[in-house]
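Examination of the molecular architecture
One-letter residues, chain by chain:
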Amino acid sequence: MAYVSMGEAHRRITEYLNRFCDAVSYQDSSTLCRLLSFSSNSPPLLSLADALNVFQDASSLIRQSDKFSEYGEILAHLFRSLQSYRVGNLVEAYLAFEKFANAFVQEFRNWESAWALEALYVVCYEIRILAEKADKELTSNGKSPEKLKAAGSLLMKVFGVLAGKGPKRVGALYVTCQLFKTYFKLGTVNLCRSVIRSIETARIFDFEEFPRRDKVTYMYYTGRLEVFNENFPAADTKLSYALQYCNPKRERNIRMILKYLIPVKLSIGIIPKDELLQNYNLHEYTKIVQALRKGDLRLLRHALQEHEDRFLRSGVYLVLEKLELQVYQRLMKKIYIIQKLSDPARAHQLKLEVIAKALRWLEMDMDLDEVECIMTILIYKNLVKGYLAHKSKVVVLSKQDPFPKLNGKPVG
């Protein structure tokens, strides 16, 4: 931190106060956003923080001017937060910012128009980011992390302010997405349901009137929730919407969507092209796709083991593990095709011993009872059409479409 004289500190603080009050007076939302963006670490804000730590009585400057004192409560808490943030006291920075946010939301409520909506977005974003940093500080000091949970409560309060009639309601979806990010981080995704009900059933909201950016984020998170609930058709609809309308220049966001959309597509029988996996650096799915194409159960299990930590963190491991049935189906189909070439008249009769040999070749050692059990499941799940002749240990396949396609529907 460079040396700042008392006079220079006074000048910087006064300049900021003037810019803040003018931004509010002239409804200059873009300037107000820049003045509140802590996490940007912009040089003007950092220099203001240095000035505040030199000139310790900024509150007196606020009180001395009618222009500044009108927003005294907002500015005083904001300055305290910025001071603490600059010296790395993140818990104190959060506590002061929370008080600032409450005061700002109250002032926002009193403004008739929605001119400050973007500035409110900044406040909502900053309190979430600051809460996460404060919780890291608490954890490192052996204390219980609790600030992100508190930030969630404040965001719910903001949602309540926006969930009414009038132009401000278009901001509700942005706040909803911040709530989703908070709940996913906390591992309390069940709390998303009440907000989703408000958005999707309340008559005051028209989903199409929300900004596209917010609709894409909303569909991404609700799509992930459907993946966790194993509601794959709904997950496909939501994640496909997010992918379709995502800004094509945001490759990182597209990759995040595909991380969940690819397992969903695989679950309903749709295999992505290799180019897609390469273009978005999704190599963890390459061997899984190959296993599905080849009917190679060994390759699938190796791929799941190789990327187990990554799949568990993203919550798609169990979804991918259930692809085993489709791999078995593909293996049965390959055996059927080979048998059809060598003995067309008996191609629809697959001996369990032949299937067991194919599995042993893939280093999957199973006895006939286990193979029979798998074939029973495949028939029950409509992945194979036919019946099991238990005494002769043969699977008798239907002569018409013995291996039905999923056609965009989940197994079973």
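In this text the structure is predicted, and so the values were computed from the model without any measurement.

Rules of the game
Residues numbered from 1 in each chain as written. Predicted model: local features only at pLDDT ≥ 70, side-chain atom pairs only at ≥ 80, totals over all residues. Heavy atoms only, no water. Core = buried A, V, L, I, M, F, W, Y, C linked by side-chain atoms within 4.5 Å. Buried < 20%, exposed > 50% of the residue type's maximum accessible area, 1.4 Å probe, protein only. Helix = DSSP H or I, 4+ residues; strand = E, 2+ residues; numbered from the N terminus. Contact = heavy atoms within 4.5 Å. UniProt positions renumbered as here; feature names shortened; annotations may be inferred. Pairing = 2+ DSSP bridges. Axes fitted to C-alpha atoms, helices over the stretch in contact; angles between N-to-C directions. Expected span 1.5 Å × (residues − 1).

1. With respect to the nonpolar core
Membership of the largest hydrophobic core comes to 149 residues, with the highest contact counts inside it found for Ile13, Tyr16, Phe20, Leu36, Ile288 and Ile355. No other element matches helix α8 (residues 117-140), which puts 12 residues into this core. Those residues within four positions of Ile13 in sequence are excluded, and the remaining contacts are Leu48, Ala51, Leu52, Phe55, Ala58, Leu61 and Phe79.

2. Here's the deal with the UniProt feature "domain: PCI" (unreviewed entry) in the chain
UniProt's entry tags residues 216-402 with the feature "domain: PCI" (unreviewed entry), counted in the numbering of this structure. Taken end to end, residues 216-402 is 66% helix and 6% strand, and its first and last C-alpha atoms sit 40 Å apart.

3. Observations concerning the environment of Arg193
Within the secondary structure, Arg193 sits in helix α11 (residues 192-201). For Arg193, a relative accessible area of 55% translates into the label exposed. Note: C-alpha distance between Arg193 and Phe180 (13 residues apart in sequence) is 9.9 Å.

4. With respect to the sheet that holds strand β3 (residues 394-397)
Read from one edge of the open sheet, three strands run β1-β3-β2, paired in antiparallel fashion. Here the strands that pair on one side only, and so sit at the sheet edges, are β1 (349-351) and β2 (386-389). Recorded for the sheet is a direction-independent mean angle of 20° between the axes of neighbouring strands. As judged from the four bridges shared by β2 and β3, these two strands associate in the antiparallel manner. The partner of Ala389 across the bridge, within β3, is Val394. Packed onto the sheet, helix α21 (residues 352-361) meets β1, β2 and β3 and runs at close to 60° relative to β1. Contacts from helix α22 (residues 368-380) reach β2 and β3 within the one sheet, and its direction differs from that of β2 by about 155°.

5. Some remarks on helix α10 (residues 172-186)
In this model α10 runs 21 Å from its N-terminal to its C-terminal C-alpha over 15 residues, within 8% of the 21 Å that 1.5 Å per residue would give. Where burial is concerned, most of α10 is hidden: 12 out of the 15 residues are buried. Buried within α10 we find Ala172, Leu173, Tyr174, Val175, Thr176, Cys177, Gln178, Leu179, Phe180, Thr182, Tyr183 and Phe184. Summarising the contacts, the buried residues of α10 are in contact with α8, α9 (147-162), α11 and α12 (212-228). Following α10 by one or two positions, Gly187 adopts a phi angle in the positive range, close to 75°.

6. A few points about the pairing of β3
Burial along β3 is two-sided: the face carrying Val394 and Val396 and the face carrying Val395 and Leu397 are both buried. Where β1 and β3 come together, three bridges link them in antiparallel fashion. Residue pairing across strands places Leu350 opposite Val395, the latter belonging to β3. As consecutive antiparallel partners, β2 and β3 are separated by four residues, and within that stretch Lys393 has a phi angle of approximately 55°, a positive value.

7. A short note on the environment of Thr14
Here Thr14 lies in helix α1 (residues 6-25). Separated by 54 residues in sequence, Thr14 and Phe68 place their C-alpha atoms 9.4 Å apart. Dropping the residues within four chain positions of it, Thr14 is found in contact with Leu61 and Phe68.

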